[in-house]
Every structure is written in C-alpha cells, then in structure tokens.
Amino acid sequence: MIEIHQLEQLVCIAESGTISKAAAKLHISQPALSRSMQRLEDDLEVQIFDHYVNKVVLNENGALIVERSKEILSSINSMVAEVQDYSKRHQMISVASCTPAPIWDLNPLIKEIYPNINITSKILDKDALINVLKSKDYHMVITPFEVNDKDIICIPYIEEDLYLSLPPTHHLANNKEVSFHDMDGETMLLYSNIGFWYDMHIKDMPNTKFLFQDDRNTFVEVVKASSLPSFTSNLSIKREGTMNHRAIIPFSDDNAHVTFYLNILKENKKQYQDIIYKIENYYDF
C-alpha cells in the first residue's frame with residue numbers, strides 16, 4: 001500500500017535533483033530512501049526511475065506521479081486544515097468586543113450553554129469588528145452600533161450607562177447629573193483598557209489630565225484610596241459593586257449611554273441558536 005511519506009519523499013527527490021540530496025534534507029540514509037522508492041515502484045507496479053551508472057533519474061512515469069503526489073499532498077494538507085478548523089470552531093468560541101464590559105456577561109452565558117467550550121475574547125477597534133467576523137477570525141463580535149448586513153445576525157444585547165465616581169468632597173458630588181464638559185480640564189483616574197470608551201473620553205474631554213492605569217484590579221484599589229474622580233458604569237457596578245464613600249452621578253451626554261449588539265454570521269445561526277435565543281430573551285429592549 002502506498003504511504004503518504006513515500007509521496008513526500010518522491011516529491012523531495014524531484015525537487016532536490018538526486019536521491020542523496022533528498023536523503024540529506026529528509027534526515028534519513030540514502031539506502032533507506034532508495035529502499036522506500038523501490039517499495040513505491042513495487043506498489044505501483046511501474047518503474048518510475050531509470051538507472052544509469054552512478055546515476056538514478058526520474059523517468060516520465062516518475063514525473064507523472066510526482067505531479068499527482070503534489071496534488072494529493074496539497075489535498076491532504078487542505079483536509080487537515082479544514083478538520084482542525086472545524087474542531088477548533090466546535091471546541092472554542094472566540095469573541096471580539098469594542099470594550100470589556102459586555103464580555104463580562106457574555107462569557108458566563110456561553111459557558112452556561114456550552115460548559116465544555118473554551119472561550120477566548122479580545123478587545124478590538126470598533127471599526128475592525130465586522131471585518132474580523134466576516135473573515136471568520138472571530139465567531140461573535142460585540143459592536144456599539146446596529147449592523148445592517150445581509151450576512152449577519154445582529155441582536156440587541158446589553159446597555160451600558162456611564163457614571164462619574166466622585167469623592168464626597170468634590171464640588172460636583174451633590175449634582176443629579178454631570179456632563180463631559182463639566183469635567184473637562186480636571187484631573188481624573190482612567191482605566192486604559194476600555195476600548196472605544198477611551199477614544200471617546202480623549203475626544204470629549206481634551207483638556208482633562210488623565211492618570212492611566214492598565215491593570216483593572218489595581219485601578220479599582222487606586223480609586224478606593226484616591227480623592228480624584230473616575231469613571232464607572234452600570235455594568236462595572238454590577239460586576240464589582242458600589243464603592244463606599246464615593247458619589248455615583250450619571251452623565252447627561254447622549255453618548256454616555258450605549259446599546260451593544262451581538263453579531264453572528266447567518267451561516268452559523270444553527271450552531272449558535274441556543275446563544276441567539278438566550279440573548280434575545282436576556283434583556284427586555
């Protein structure tokens with residue numbers, strides 16, 4: 001029976017020019033490679049090498065089987081990649097979002113439905129999310145806008161409201177609401193890994209001095225011990241609780257309220273039907 005490694009060896013011989021050079025590339029002895037090619041000829045019942053004094057070359061039969069071997073090996077590689085991708089897609093769900101908070105609820109939801117599935121997530125630029133979904137780099141993406149695309153299922157998922165967290169001595173601590181303009185020019189603590197919120201803060205509060213913190217747990221502890229303002233949200237409070245001795249005031253700006261949407265390719269609707277159903281019944285929009 002012809003074996004795959006024999007076809008790989010034959011292609012290597014054709015590309016190397018001689019059996020000895022191919023043997024060196026394959027890290028086997030020349031006699032072992034010659035015996036393997038003899039077995040291949042026996043299985044084919046066709047001579048594929050012409051033997052001369054001190055020289056062995058592929059004949060026309062050999063040239064034909066080299067071309068067919070390349071096709072077979074390419075097909076096998078494609079099959080392996082396809083099967084691995086299929087297995088990966090059914091053993092792992094990858095999620096990309098424009099900001100971390102929506103993932104906090106989504107990951108446990110997925111785990112509840114598919115307890116044996118591994119979940120990976122990443123924060124990406126909001127403008128890149130649809131492209132990575134369509135290229136199948138991610139199975140689901142969370143956008144801060146509704147997507148109208150014939151190939152995509154777009155579901156309202158969760159809402160986030162931005163709040164200002166203040167020490168009680170701050171001059172705005174008794175306000176019923178605040179605006180980004182009110183805080184522009186102040187010094188604030190800011191967790192930097194917040195995706196699209198980061199760009200919005202920099203744009204809407206250009207004169208504010210932000211003191212950045214990259215680690216979420218450290219950021220929370222710094223806020224607890226600080227007299228400086230910071231941002232929080234309904235989703236952050238849901239996950240981490242309300243800090244003692246901090247006034248929580250909503251922002252009045254329209255862009256301080258965001259509805260997030262879960263997006264899945266329509267071709268994957270059947271595979272993720274349970275998630276879609278759960279999301280559609282998760283919040284009452």
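Being a predicted model, the structure only gives us computed values, none of them experimental. (Residues numbered from 1 in each chain as written. Predicted model: local features only at pLDDT ≥ 70, side-chain atom pairs only at ≥ 80, totals over all residues. Heavy atoms only, no water.)

Of the two faces of strand 5 (residues 140–143), the one carrying Met140 and Ile142 and the one carrying Val141 and Thr143 are both buried. Pairing analysis gives 3 bridges linking strand 3 (residues 92–97) to strand 5, with the strands arranged parallel. From the neighbouring strand, Ser97 faces strand 5, where its bridge partner is Ile142. Across 4 bridges, the pairing between strand 5 and strand 11 (residues 257–265) is antiparallel. Its bridge partner lying in strand 11, Ile142 is registered against Leu262. (Buried < 20%, exposed > 50% of the residue type's maximum accessible area, 1.4 Å probe, protein only. Helix = DSSP H or I, 4+ residues; strand = E, 2+ residues; numbered from the N terminus. Pairing = 2+ DSSP bridges.)

Here we come to empty space enclosed by the protein. Counted according to the given criterion, the structure contains 1 cavity of 30 Å³ or more. Here the largest cavity is characterised by a volume of approximately 200 Å³. Taken together, 18 residues line the largest cavity, and the ones lying closest to its centre are Glu160, Tyr191, Ile194, Arg216 and Ser236. Of the residues belonging to the lining of the largest cavity, the class tally is 11 nonpolar, 5 polar and 2 charged. (1 Å grid on protein atoms, 1.4 Å probe; cavity = no way out; pocket = protein on both sides within 12 Å on 5 of 7 lines; lining within 4 Å. Points joined across faces, edges and corners; volume = space filled by probe spheres on them. Nonpolar A, V, L, I, M, F, W, Y, C, P; charged D, E, K, R; others polar.)

Tracing the backbone through its elements, the reader meets Thr259 in strand 11. On the basis of relative accessible area, Thr259 is assigned to the buried category, the value being 17%.

With that out of the way, let us pick up the layout of surface pockets. What the largest pocket holds in volume is close to 190 Å³. Val220, Thr232, Glu240, Gly241 and Met243 are the residues nearest the centre of the largest pocket, which is lined by 17 residues in total. Mapped onto the lining of the largest pocket, the elements with two or more residues apiece are helix 9 (216–225), strand 9 (230–233) and helix 10 (234–240). The leading source of residues in the lining of the largest pocket is helix 9, at 5 residues. Partitioned by chemical class, the residues of the lining of the largest pocket number 7 nonpolar, 6 polar and 4 charged.

Evaluated as defined, the whole model comprises 7 aromatic pairs. Judged by centre distance (5.8 Å) and plane angle (40°), the ring pair of Tyr191 and Phe219 falls under tilted. Here the residue Tyr191 occupies a position in strand 7 (residues 187–191), and Phe219 occupies one in helix 9, the gap between them amounting to 28 residues. Ring plane angle 85° and centroid distance 6.1 Å describe the contact between Phe196 and Phe260, whose orientation is recorded as edge-to-face. Of the two residues, Phe196 sits in helix 8 (residues 196–204) while Phe260 sits in strand 11, which places them 64 residues apart along the sequence. Grouping residues by exposure puts Phe196 and Phe260 together as buried. Chaining the aromatic ring pairs together yields one cluster made of Phe180, Phe231 and Phe251. Across the ring face of Tyr191, the terminal group of Arg216 is positioned such that the distance to the ring centre comes to 5.0 Å. Stacked on the ring of Trp104, the Lys or Arg Arg239 has its end atom at 4.3 Å from the ring centre. (Phe/Tyr/Trp six-rings, centres within 6.5 Å; stacked < 30°, edge-to-face > 60°. Lys NZ or Arg CZ within 6 Å of the ring centre and 35° of its normal.)

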